[in-house]
Amino acid sequence: MQESVLNLPQSATKFESLLDILLEPRRCFGAIRQHPTWFALPLGLTLLLLTLLVYWYYSSVDAEWFIRYQLSLQPELTLDQASIMRKFLHPEGLIGSGILFGSLTIILTSALHAAYFHLLSKLTGETGFSYLDWFSFVVWVSFPGIFATLSIGIAYASAGTQQVDFNQLLVSSLNHLWFQVGPESAFYNLLNSLSLTTFWCLLLGGLGYRCWTGRSWNFSLLVSALPYVGFYLLWLLWIVGF
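Residues numbered from 1 in each chain as written. Predicted model: local features only at pLDDT ≥ 70, side-chain atom pairs only at ≥ 80, totals over all residues. Heavy atoms only, no water.

### Description of the overall build of the protein chain
In step 1: The secondary structure content of the protein chain amounts to 13 helices and 0 strands.
In step 2: For the protein chain, the spread of C-alpha atoms along the three principal axes comes to 65 × 40 × 30 Å.
In step 3: For the protein chain, the share of sequence-separated contacts (at least 6 apart) that also reach a separation of at least 24 residues comes to 64%.
In step 4: Within the structure as shown, the protein chain displays about 13000 Å² of accessible surface, and the carbon and sulfur contribution to it stands at 67%.
In step 5: Taken as two groups, the 10 positive and 13 negative side-chain charges of the protein chain have centres that lie 10 Å from each other. (Helix = DSSP H or I, 4+ residues; strand = E, 2+ residues; numbered from the N terminus. Contact = heavy atoms within 4.5 Å. Areas by Shrake-Rupley, 256 points an atom, 1.4 Å probe, with all protein chains shown as cover. Lys, Arg positive; Asp, Glu negative; His and termini not counted. Charge placed at Lys NZ, Arg CZ, Asp CG, Glu CD.)

### Things to note about unusual backbone geometry
In step 1: One non-glycine residue, Gln 180, adopts positive backbone phi at about 55°.
In step 2: Note that Gln 180 resides in the loop between helix H10 (174–179) and helix H11 (188–193).

### Overview of the packing of aromatic side chains
Two aromatic rings are characterised by how far apart their centres lie and by the angle between their planes.
In step 1: Taken as a whole, this structure holds 24 aromatic pairs when the rule is applied.
In step 2: On the numbers, 5.0 Å between centres and 65° between planes, the contact of Trp 56 with Tyr 156 is edge-to-face. On the criterion of sequence distance, the pair formed by Trp 56 in helix H4 (residues 40–60) and Tyr 156 in helix H9 (residues 146–157) is long-range, its members being 100 residues apart.
In step 3: The exposure class assigned to Trp 56 is partly exposed, which follows from its relative accessible area of 35%.
In step 4: A residue is classified by how much of its surface remains accessible, and Tyr 156, at 4% relative accessible area, is buried.
In step 5: Ring centres of Trp 134 and Trp 212 lie 5.3 Å apart, and the angle between their planes is 50°; on these two criteria the pair is classed as tilted. (Phe/Tyr/Trp six-rings, centres within 6.5 Å; stacked < 30°, edge-to-face > 60°. Buried < 20%, exposed > 50% of the residue type's maximum accessible area, 1.4 Å probe, protein only.)

### Thoughts on a nonpolar patch on the surface
In step 1: The grouping of Phe 187, Val 229, Leu 233, Leu 234, Leu 236, Leu 237 and Val 240 at the surface amounts to a nonpolar patch, some 600 Å² of accessible area in total.
In step 2: Of note, Leu 236 is situated in helix H13 (residues 217–240).
In step 3: Classification of Leu 236 as partly exposed rests on a relative accessible area of 36%. (Patch = residues over 30% accessible without salt bridge, like charges linked within 9 Å, V, L, I, M, F, W, Y side chains within 5 Å. Salt bridge = Lys/Arg side-chain N within 4 Å of Asp/Glu carboxyl O.)

### Describing the nonpolar core
In step 1: Core analysis: the largest hydrophobic core is formed by 31 residues, its most contacted members being Phe 29, Trp 134, Phe 137, Trp 140 and Trp 212.
In step 2: Those elements that place two or more of their residues in this core are helix H2 (14–23), helix H3 (25–34), H4, helix H7 (95–123), helix H8 (131–142) and helix H12 (196–213).
In step 3: No other element matches H8, which puts 7 residues into this core. (Core = buried A, V, L, I, M, F, W, Y, C linked by side-chain atoms within 4.5 Å.)

### Description of the pattern of salt bridges
In step 1: A complete count under the given rule lists 6 salt bridges for this structure.
In step 2: Between Asp 20 and Arg 27 there is a salt bridge, with its nearest N and O atoms 3.2 Å apart.
In step 3: For Asp 20, a relative accessible area of 5% gives the class buried.
In step 4: The residue Arg 33 makes a salt bridge to Asp 133 at a minimum N-O spacing of 3.3 Å.

### A word on the side chain of Asn 192
In step 1: Among the secondary structure elements, Asn 192 is positioned in helix H11.
In step 2: A polar side-chain atom of Asn 192 sits 3.2 Å from a polar atom in the side chain of Asn 175. (Polar contact = N/O pair within 3.5 Å; in protein donor to acceptor, adjacent residues only side chain to side chain.)

### Considerations on the side chain of Ser 136
In step 1: Mapped onto the fold, Ser 136 is located in helix H8.
In step 2: Judged by relative accessible area, which is 0%, Ser 136 ranks as buried.
In step 3: For Ser 136, the contacting residues outside a window of four places in its chain are Ile 32, Pro 36 and Phe 39.

Have a look at this one:
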């Protein structure tokens with residue numbers, strides 16, 4: 001099992017690994033197996049890009065339009081409730097909470113994802129892998145998600161208006177590309193959360209697991225896909241009321 005890891009080509013530096021995870025992922029997987037702390041670079045870049053995007057959007061979106069639009073999505077609110085909501089919906093006031101919530105979501109989901117791989121490696125007898133190894137692994141295979149973030153920034157820059165909802169900027173999501181359901185649909189948030197980069201990261205996870213453990217393609221892809229399938233299945237069941 002471990003021979004497959006030792007024989008992998010390796011990126012020379014952490015900066016080279018940033019390019020290799022996108023173009024030659026086997027080289028990246030070989031390098032980060034030996035240097036698990038390199039995860040700080042892709043994680044830092046991901047959080048920095050998120051911070052810049054959130055700050056840019058909420059500091060520049062048309063505040064009055066934004067508030068009216070958000071309230072229009074909740075027509076059941078009374079006048080008193082709407083008045084209270086207006087105080088919490090000012091875009092500039094959402095910058096801090098947006099950055100904090102987004103950053104915590106990335107870190108906590110990465111931690112849970114790593115725990116899944118760590119537990120699985122124990123159950124399947126894959127030795128020599130620490131929790132830090134798997135946390136680094138998850139961060140690196142998630143790095144292509146920055147392209148979804150970049151696509152949001154490009155969509156906002158080219159929108160030609162500051163009167164645009166953030167969800168409408170998710171141009172790489174399955175909802176934008178295919179389903180195109182509106183906010184009134186119970187599936188709106190679920191379909192918006194699925195993007196092309198979701199499947200890119202899933203496939204990278206399968207490749208990386210195969211590189212690290214020497215397992216078959218089918219088994220490695222199954223291992224990589226299970227957390228995604230489980231998460232979206234539970235979300236789907238919650239939507240339909242089970």
